Amino acid sequence: MASTQDAVLVASPEEEQRLSITSVLRDHWPVRIATTLDGALDSLDDSIAVTVIDESIEGAPSDLFAARLENELSFQILWLGASEGPFADRAEAVLDPARVEDQSLTIVDRLQRRARYDRLLTRFYELARRRGRDDEESTAEGKPAATDAELDSLKRELDEIVAELDDEDAFEVALGDRQTVDR
Amino acid sequence: MSDELSPGVDATETPSNVLCVCPAIGNAKNEHCRDLLTREGPPGTVLGVTVASSPGERMSEWSNVIDPVRTTLSFVDVSHGGRSAAMSADGFGGQNGAIVNVVEVEDVDLQRIGAELTTQLENAEKGPVVVCLDSLTDLLQFETERTLHRFLNVLTARVEQADAIAHYHIDADGHPDRTFDTLTPLFDATIRPNCRSE
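Residues numbered from 1 in each chain as written. Chains lettered and ligands numbered in written order. Predicted model: local features only at pLDDT ≥ 70, side-chain atom pairs only at ≥ 80, totals over all residues. Heavy atoms only, no water.

J.: Looking at this structure, how should I read the side chain of B:Thr182?
T.: Mapped onto the secondary structure, B:Thr182 falls in helix α6 (residues 177–183). With relative accessibility at 0%, the residue B:Thr182 sits in the buried group. Beyond its immediate chain neighbours, meaning those up to four positions away, B:Thr182 contacts A:Tyr125, A:Ala128, A:Arg129, B:Glu145 and B:His149. (Helix = DSSP H or I, 4+ residues; strand = E, 2+ residues; numbered from the N terminus. Buried < 20%, exposed > 50% of the residue type's maximum accessible area, 1.4 Å probe, protein only. Contact = heavy atoms within 4.5 Å.)

J.: Could you clarify how one ought to interpret the interface of chain A and chain B in this entry?
T.: By a widespread convention, an interface's size corresponds to the accessible area lost as its parts come together. Of the residues lining the interface, 36 residues belong to chain A; the matching set on chain B comes to 29 residues. Buried surface at the junction of chain A and chain B, both sides included, amounts to about 2800 Å², of which 49% is carbon and sulfur. Taken together, the connections running from chain A to chain B amount to three salt bridges. Notably, a salt bridge pairs A:Asp118 with B:Arg150, separated by 2.3 Å at the nearest N-O pair. Our count for the chain A to chain B interface comes out at 10 residue pairs in polar contact (both at pLDDT 80 or more). Class assignment for the residues of the side of chain A that touches chain B results in 15 nonpolar, three polar and 18 charged. (Buried area = accessible area lost by both parts, 1.4 Å probe. Salt bridge = Lys/Arg side-chain N within 4 Å of Asp/Glu carboxyl O. Polar contact = N/O pair within 3.5 Å; in protein donor to acceptor, adjacent residues only side chain to side chain. Nonpolar A, V, L, I, M, F, W, Y, C, P; charged D, E, K, R; others polar.)

J.: Would you explain the nonpolar core in this entry?
T.: Buried together is how nonpolar side chains tend to be arranged in soluble globular proteins. Residues A:Tyr117, B:Ile113, B:Leu136, B:Leu139, B:Phe151, B:Leu152 and B:Tyr168 are the most contacted members of the largest nonpolar core, which totals 53 residues. Per element, the largest residue contribution to this core is seven residues, and it comes from helix α5 (residues 145–161) of chain B. Judged by nonpolar contacts, the second largest core, of 19 residues, contains A:Ala11, A:Ala40, A:Leu44 and A:Leu73. (Core = buried A, V, L, I, M, F, W, Y, C linked by side-chain atoms within 4.5 Å.)

J.: Looking at this structure, how should I read the packing of helix α7 (residues 148–162) of chain A against α5(B)?
T.: Describing two packed helices takes the angle between their axes plus the distance from one axis to the other. Viewed as axis vectors pointing N to C, α7(A) and α5(B) meet at an angle of 70°, and their least axial separation amounts to 10 Å. The angle between α7(A) and α5(B) falls in the class roughly perpendicular. Between α7(A) and α5(B), the residues in contact are A:Lys155, A:Leu158, A:Asp159 and A:Val162 and B:Asn153, B:Val154, B:Thr156, B:Ala157, B:Arg158, B:Glu160 and B:Gln161, respectively. For the contact of α7(A) with α5(B), the residue count by class is four nonpolar, three polar and four charged. (Axes fitted to C-alpha atoms, helices over the stretch in contact; angles between N-to-C directions. Parallel < 35°, antiparallel > 145°, perpendicular 65-115°, else oblique.)

J.: Looking at this model, I keep getting lost on the environment of B:Thr72. Mind explaining?
T.: Residues and elements named next belong to chain B. Among the secondary structure elements, Thr72 is positioned in strand β4 (residues 72–79). Judged by relative accessible area, Thr72 falls into the partly exposed class, the value being 35%. The sequence separation of Thr72 and Val129 amounts to 57 residues, and the corresponding C-alpha distance is 9.3 Å. Setting aside residues up to four positions removed in sequence, Thr72 forms contacts with Gly44, Thr45, Val46 and Lys126.

J.: Can you walk me through helix α3 (residues 110–123) of chain B in this structure?
T.: Count 3.6 residues to each turn of an α-helix, and residues three or four apart come out pointing the same way. With 14 residues, α3(B) extends 20 Å from end C-alpha to end C-alpha; this agrees with the ideal 20 Å at 1.5 Å per step. Burial in α3(B) covers these residues: B:Leu110, B:Ile113, B:Gly114, B:Glu116, B:Leu117, B:Thr118, B:Gln120 and B:Leu121. (Expected span 1.5 Å × (residues − 1).)

J.: Please clarify how the environment of A:Asp102 should be interpreted in this entry.
T.: Residues and elements named next belong to chain A. Tracing the sequence through the fold places Asp102 in helix α5 (residues 100–130). For the pair formed by Asp102 and Val24, sequence separation is 78 residues and the distance between their alpha carbons is 8.9 Å. Reaching out from Asp102, the side chain makes a polar contact with the side chain of Arg99 at a distance of 2.6 Å.

This is the structure in structure tokens:
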């Protein structure tokens, strides 16, 4: 079942391309559409798990990577285009435009798992940091201390997801955001 | 010394991942390391991770409980500015002809350390398989607590999936209490000395 944090943003100036990919994805996840890079940047928020960006879109795709870092968002980027080039290398996955119908579902499903794992890792660390803080500190921050039961439940969920990721994906997601500041 | 199980861990089962909180200086760390290595009897495979220590030093400490001829010994040895790779060979002599596999990882590259460890976990042929990571305190000199927390999430899961058992050393005197509180939920059990060294 779709959650409120697993939307896919499809950013492409080509109507045929947009229709092709959304027709495959919309039965599985909420899909948003942007026809320009600015439109895609305006659509970014916590509910986006995967952003598909067409290489033919005008503007600097690096803005998308920068926005993710600056706003501490955890969406995965799927580069729709050639598999070589600086943006294809930085994206979490690449999709050949000619293979949208037979590959997009598999690739986006994998990226959804990565995005979910990333979100839960962040949540687990935040809860763990709050563990052990006394009531006075928690009240001052407006956030209750995490209980052991909450942490145990979250750890089990994390273990289930990581079992579905290969080692490369798991460590890449876990270590991929070292540029972000500790919170 | 106390052994605390995390919520949800069956007390009759051997915990897969144990945080070993002992002073870096003194005998307690090595005594508990030896106990943890042999919790399920003589290990068939030992995978060590060394950062500030060396494989030779760890093997010297284990000499009374590990038979290097019957146990497959492998190390992921992290060399960095504070210790050269050459030092990691210290103590390898006199190990009764044991063959020890040492993978050298330059710098504290968690991605590489994780990849090497998981590969060795998957390829381990003789059980019980025991992992000794020495130490989280050393890794925290190079990585943030947040990054290490995320890394350990993956590693502890892979240890459990491989039916291995692992312990992770951390200096009881080297961190504020909050660091222990933050790291503890990652593990099935935590071993702490009754008091810290003075």
